[in-house]
Amino acid sequence: MEGGKPTLALVYQAVHSLYHDPDPAGKERASVWLGELQRSMYAWEISDQLLQMKQDVESACYFAAQTMKVKIQTSFHELPPETHIALRDSLLSHIQNLKDLSPIIVTQLALAIADLALQMASWKGCVPTLIEKYSNDIGTMPFLIEILTVLPEEVHSHSLRIGANRRTEITQDLASYSTTVVNLLTLCVEKTGSDEKMLIKVFRCLCSWFNLGVLDSNVMASSQILVVLFQVLQRDEISTNLHEVASDCVCSALCASESVDTNMALALRLFQGVLTLETAYHRAVAQEHLDKVLNYCRIFTELCETFLETMVRSPGQGMGDLRTLDLLITCAGHPQYEFVDISFNFWYRLGGHLCKTNDPALHSIFRPYIQRLLHGLARHCQLDPNHEGIPDNEDDFGKFRIRVADLVKDIIFLVGSMEYFSQLYSTLKEGNPPWEVTEAVLFIMATIAKKNINNPTLTDVLQQVVLLPVTVHIAVRYTSIELVGEMSRVVNINPHFLDPVLNYLMKGLREKPLASVAAKAIHNICSVCRDLMTQHVQGLLDIARTLDSFALSTEASDGLLKGTALVLSRLPLEKIAECLSDLCAVQVMSLKNILTQDSCNGQKGDPVVWLDRLAIIFRHTNPIVENGQSHPCQKVIQEIWPVLSETLNTNQAENRIVERCCRCLRYAVRCVGKRSASLLQPLVTQMVSVYQVHSHSCFLYLGSILVDEYGMEEGCRQGLLDMLQALCMPTFQLLEQPNGLRNHPDTVDDLFRLTTRFVQRSPVTLLSSSIIVHIIQCAIAASTLDHPEANCSVMKFVRDLIHAGVSSDHEDDFEVRKQLIGKAMEQHGQQMVTQLMHTCCFCLPAYTLPDVAEVLWEIMAFDKVTFCRWLENALKGFPKEASGGAVTVTHKQLTDFHKQVTGANKCNQVCWAIREFTRLSIQLCNDSGLGVTEELNMGRGQPARLCPNGTPVIRTQLAGAVPYGILAG
């Protein structure tokens, strides 16, 4: 910190301001100052002193404990090795002295101790050391268990800078002492009896060790603690907190037992234990203990997840007992839809397994369960009988119905979509159900209507739906319109339905609540019945002219324009130009009016709506034009260009508007292709002119479209290169600013889209230019950028550039390309390989590694001998040891990695080698990025662990709420 080490009085004052200053500006200043303190070297000593003094426990001690945790997680390398033991002893002393003052502080200190143990390689056998030191005193047991809880949770923490070697060593070490921990927890339960607070701590700790996957399944199968766990879950009088933690523990145990064949004893014990909870579930339902009902549903779902493969392999036998499915169906029968929602992931997985097997006999076993599930889902989709208005797809219930629709689509094959559709129709046809039942049935029918084209029931349904009177509940009309839109393929093969359907939809279009859904249905009809709809093109144009007279959402308006453009494309060519001009006229006139108003009164109108609509029209007007025929859209676009140009020029400082202009021009160019040549020179001139003043990245993207269209035209190449060079200079100036790459990822993305198009369309033109050196240097620098789209574009450019020297797609200039790329690689190859290895190990998330692998693969394909040397040199600079003394990567691992990469026969082998190698590395750039505010407000902040199947096991519990949090208020 500037000014040296601050006094404790100054720290206390800042913390006090943070929590108690009524002025938000004062809190902001305190937050910034304390954040700087946390990042400084002084934070170690000051935090230690604050904890020793124990003044102001609520704020200062918590700040100190939290700071100590963060420093150990992110800045442990600042401490010399000789201080590690003293730090450990100090932390253990603090947690013992503060154990009775605040559970929040105990948790923070426990995390600090755990993180220290994981990074401090010299601290051997930390678990038995801690147990031996603290297990004999019942007063120290709570914080001992807290440390033992967070220790396995932190093993895979992304905040810790430890590699796979150290994590493996730690995991093996914890596994060797896991039975000791279980015995300690069992003893603790025996000593404390039914003390709920202690049971919560014990079960949470056990849960943590299950999640790490190091407990001996045979030991656990015979452990008394499992007996206690299920006894707790069978009792009615326990608290909600204890019930939830016990449920978490069972779920974690089930998840840890998912490899049933290797954990047979524990799996069987859990299977039998969960089946005994059915009665407890029914009691919870009867007593309306919804939190407990939710917990039981989680357990039942996890049971089915764990034994899914066993169930499919041997249904009804042993642990494939289908009573587990009965438990889930029972949960689906609860009136609250949230409970069945929990099980959706399992039903998806079951459907996937059964789809792969494609065994009719097996399907017949599970079909009754799917039918019962579908029946329950249809019931859950019913709106409240007192509901007024249309269904709300944005509230929680609306989102649930959308998830139901997705699930039904995935599992309907087990019942048969035609059969189920007919069953649903019969429920409406044979009785006189309430409106909410009718609406729910229509909703489910809409989800599977596309799967049935020739089913006679569909035509009956369609005929009845379009005759629905306007007096029925508006929600029924809304959903029936959705159904009609989904049945557009039925209309296409039954043309006599087209007019009645359109009349029905037009009625909805004129009513405000139904207008948007009717517009969406018309769009679907236009998309599927394009040829049939040409007879109604004039009606569509009439709607388009008066679009804003309807109460439509933006999405619905856009859909109608898209549908009109799709139909228009099927007209005769001579008719298209006339109709397209008519369709664009409203938008063009509105743009002209805005420009006129701007020049008259100096006030800027917003042209975005009209630009977006023009973009939609150009994007979806794609007539079939034979060679020699003039493009019907060419004249219209030429007429519109002056308005677009003036709009762009008038609003050149407004990024939002410029982006929409470029998007509109992009689709206009794509629409007519090379026939837009007359626009090329004025467009490029204006782009370059505006970009010199306002560096909007969308100009780079538009430039890439022009290169894609004209890059292979000999007469255009030099002009496009001049455009690239003119755009690159201000771009490089922008990106060379401090944090320029990170602050302008869109510019990076669009720049390398442009250069990639050049490599694809005219590589020799680019490689022969002087700008290529600067572009390659920029790419190497930008390879560290962890922005997904930007990094992908950078990697694609480098990959395609090198591939141009490997691929002989264009034989006439292949040797020239190869020579030019060889020259570039001679100059930049070593730097590129070194940077890529540094990038993938220390900067980038795992999902970007395939892109890096492809680049390395292309470099190796271009010159394998030189690449081997470059890679060896890059690996020599890797850190071999972490600050805590743990080995990060051995010489053998470096050698093996080099052999794996250079000996790979396929690119995916390179990718897997990199993926495994990066797990060894310390992620130097993995700071959370959180300020003091977020860190303190996170509390304990451990993320929910995911099962191998991706299902969350633990719902995160914060250790406690900070009274205000940094930047309170």
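Just so it is clear, the model here is predicted, and its values are computed rather than measured.

Draft legend 1. A look at helix α17 (residues 290–306). For α17, with 17 residues, the first-to-last C-alpha span of 24 Å sits near the 24 Å given by 1.5 Å per residue. Of all 17 residues that make up α17, 15 are buried, and the element is covered over most of its length.

Draft legend 2. Inspection of unusual backbone geometry at higher detail. Positive phi, close to 55 degrees, is recorded for K54, a residue that is not glycine. The residue K54 is located in the loop between α3 (42–53) and α4 (57–75) in this model. With phi around 55 degrees, N739 is a residue other than glycine that occupies positive phi space. Overall, the relative accessible area of 56% leaves N739 in the exposed class.

Draft legend 3. Molecular detail of the side chain of T564. Among the structural elements, T564 can be located in helix α32 (residues 554–568). A distance of 2.8 Å separates the side chain of T564 from the backbone oxygen of L560, its partner in a polar contact. Discounting residues that sit within four places of it in the chain, T564 has contacts with L540, L541 and L583.

Draft legend 4. Structural detail: the packing of aromatic side chains. With the rule as written, the count across this model stands at 14 aromatic pairs. On the numbers, 4.9 Å between centres and 70 degrees between planes, the contact of Y134 with F143 is edge-to-face. Linked through ring pairs, Y337, F344, F397 and F400 together constitute an aromatic cluster. Geometry around W912 places R915 over its ring, the cationic atom sitting 5.2 Å from the centre.

Draft legend 5. Seen up close, the state of the cysteines. With the rule as written, the count across this model stands at zero disulfides. Here C579 is not disulfide-linked; the sulfur of C633 is the nearest cysteine sulfur, at 11 Å. Summary of cysteine pairing: C728 is not part of a disulfide, and the nearest cysteine sulfur, belonging to C778, is at 8.2 Å.

Draft legend 6. Summary view of the nonpolar core. F203 and M837 are the most contacted members of the largest nonpolar core, which totals 343 residues. Tallying contributions element by element places helix α6 (residues 103–119) first for this core, with twelve residues. Look past the residues within four positions of F203 in its chain and what remains in contact with it is I225, V228, L229, V232, L242, V245, A246 and C249.

Draft legend 7. Representation of α32 within the structure. End to end, α32 covers 21 Å across 15 residues, agreeing with the expected 21 Å (1.5 Å per residue, within 8%). The buried fraction of α32 is high, at eleven of 15 residues. Among the residues of α32, those classed as buried are A556, S557, G559, L560, L561, G563, T564, A565, L566, V567 and L568.

Draft legend 8. Inspection of a negative patch on the surface at higher detail. A cluster of acidic residues, E338, D392, E394, D395 and D396, forms a negative patch at the surface. With respect to the helices, strands and loops of the structure, D392 is situated in the loop between α22 (360–380) and α23 (396–411). For D392, a relative accessible area of 39% puts it in the partly exposed group.

Draft legend 9. Region of the structure containing the pattern of salt bridges. In the structure shown here, the tally under the stated rule is 40 salt bridges. R545 is the salt-bridge partner of D582, the closest N and O atoms lying 2.4 Å from each other. With a gap of 37 residues between them, D582 in helix α33 (residues 573–601) and R545 in helix α31 (residues 537–545) connect regions that are remote in the sequence. For D582, a relative accessible area of 22% translates into the label partly exposed. Classification of R545 by relative accessible area gives partly exposed; the value is 33%. Across the salt bridge formed by R799 and D800, the nearest N and O atoms sit 3.4 Å from each other. The two residues R799 and D800 agree in class, both being buried.

Draft legend 10. Looking closely at the packing of helix α24 (residues 417–430) against helix α26 (residues 456–465). Orientation of α24 relative to α26, taken along the N-to-C sense of each, is 35 degrees, at an axis distance of 10 Å. For the crossing formed where α24 meets α26, the hand is left-handed. Taken together, the residues of α26 that come into contact with α24 (itself represented by F421, S422 and Y425) are T457, L458, D460, V461 and Q464. Across the contact of α24 with α26, the residue classes break down as four nonpolar, three polar and one charged.

Draft legend 11. Inspection of the packing of helix α37 (residues 677–693) against helix α38 (residues 698–710) at higher detail. α38 packs onto α37 with a crossing angle of 155 degrees between their chain directions and a minimal axis gap of 11 Å. If you check the angle between α37 and α38, you find them roughly antiparallel. With respect to the hand of their crossing, α37 and α38 are arranged in left-handed fashion. Where α37 approaches α38, its residues A677, L680, L683, V684, M687, V690 and Y691 are matched on the opposing element by F699, L700, L702, G703, L706 and Y710. Taken together, the residues of the contact of α37 with α38 break down into twelve nonpolar, one polar and no charged.

Definitions and cut-offs
- Residues numbered from 1 in each chain as written.
- Predicted model: local features only at pLDDT ≥ 70, side-chain atom pairs only at ≥ 80, totals over all residues.
- Heavy atoms only, no water.
- Helix = DSSP H or I, 4+ residues; strand = E, 2+ residues; numbered from the N terminus.
- Expected span 1.5 Å × (residues − 1).
- Buried < 20%, exposed > 50% of the residue type's maximum accessible area, 1.4 Å probe, protein only.
- Polar contact = N/O pair within 3.5 Å; in protein donor to acceptor, adjacent residues only side chain to side chain.
- Contact = heavy atoms within 4.5 Å.
- Phe/Tyr/Trp six-rings, centres within 6.5 Å; stacked < 30°, edge-to-face > 60°.
- Lys NZ or Arg CZ within 6 Å of the ring centre and 35° of its normal.
- Disulfide = S-S within 2.5 Å.
- Core = buried A, V, L, I, M, F, W, Y, C linked by side-chain atoms within 4.5 Å.
- Patch = residues over 30% accessible without salt bridge, like charges linked within 9 Å, V, L, I, M, F, W, Y side chains within 5 Å.
- Areas by Shrake-Rupley, 256 points an atom, 1.4 Å probe, with all protein chains shown as cover.
- Salt bridge = Lys/Arg side-chain N within 4 Å of Asp/Glu carboxyl O.
- Lys, Arg positive; Asp, Glu negative; His and termini not counted.
- Charge placed at Lys NZ, Arg CZ, Asp CG, Glu CD.
- Axes fitted to C-alpha atoms, helices over the stretch in contact; angles between N-to-C directions.
- Left-handed = near helix turned anticlockwise from the far one by under 90°.
- Nonpolar A, V, L, I, M, F, W, Y, C, P; charged D, E, K, R; others polar.
- Parallel < 35°, antiparallel > 145°, perpendicular 65-115°, else oblique.

Take it as geometry only, folks, not as evidence of what the structure does.
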